[in-house]
Amino acid sequence: MSERADLLKDAYSVCDESGFVDFLQILQKEWEIESGRNASDVGETRDEWENLTFGSILEGAVACWHDNQNTVQHKDADGNPWRAAAIILWRGLYYE
């Protein structure tokens, strides 16, 4: 399974505040790995995050939410606000 799929699985497993904080810890560890990669590593074994700064992750998350708020894809958190927040953040990692 790819890093992207693993992180999405982690986002979908969030069901409460504690789980959301756990997800943030996972993102923090993954960010350290992603931000430490150099250009020669690109494409070797991991899915690259599109956004590596906090601001660009948040910008991607907001843009993705606005662009997809009326789609079925947006409603996949099953009404759980903690899961929705985790999924929105996950999307911010990759959304251009």
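Scroll up to find the structure this text is about.
Here's what I pulled together on the structure shown here.

## Some words on the pattern of salt bridges
Summed over all chains, the structure comprises one salt bridge. In this structure, the salt-bridge partner of Asp 78 is Arg 83, at a minimum N-O distance of 4.0 Å. Relative accessible area serves as the criterion here: at 66%, Asp 78 is assigned to the exposed category.

## Concerning the packing of helix α1 (residues 3–12) against helix α4 (residues 81–94)
The interhelical angle for the contact between α1 and α4, taken along N-to-C directions, is 160°, at an axis separation of 8 Å. The angle between the axes of α1 and α4 places the two elements in the roughly antiparallel class. When you trace α1 past α4, the crossing you get is right-handed. Listed contacts from α4 to Glu 3, Arg 4, Leu 7, Leu 8, Ala 11 and Tyr 12 of α1 are Arg 83, Ala 86, Ile 87, Trp 90, Leu 93 and Tyr 94. In terms of residue class, the contact of α1 with α4 is made up of nine nonpolar, no polar and three charged.

## A look at the nonpolar core
A general trend in soluble globular proteins is that nonpolar side chains are found buried together. Judged by nonpolar contacts, the single largest core of 15 residues is most densely connected at Leu 7, Phe 23, Leu 27, Trp 49, Trp 90 and Leu 93. Looking at this core, the elements with two or more residues in it are α1, α2 (17–35) and α4. When residues of this core are assigned to their parent elements, the largest contribution, six residues, is made by α4.

Criteria and cut-off values
- Residues numbered from 1 in each chain as written.
- Predicted model: local features only at pLDDT ≥ 70, side-chain atom pairs only at ≥ 80, totals over all residues.
- Heavy atoms only, no water.
- Salt bridge = Lys/Arg side-chain N within 4 Å of Asp/Glu carboxyl O.
- Buried < 20%, exposed > 50% of the residue type's maximum accessible area, 1.4 Å probe, protein only.
- Axes fitted to C-alpha atoms, helices over the stretch in contact; angles between N-to-C directions.
- Helix = DSSP H or I, 4+ residues; strand = E, 2+ residues; numbered from the N terminus.
- Parallel < 35°, antiparallel > 145°, perpendicular 65-115°, else oblique.
- Left-handed = near helix turned anticlockwise from the far one by under 90°.
- Contact = heavy atoms within 4.5 Å.
- Nonpolar A, V, L, I, M, F, W, Y, C, P; charged D, E, K, R; others polar.
- Core = buried A, V, L, I, M, F, W, Y, C linked by side-chain atoms within 4.5 Å.

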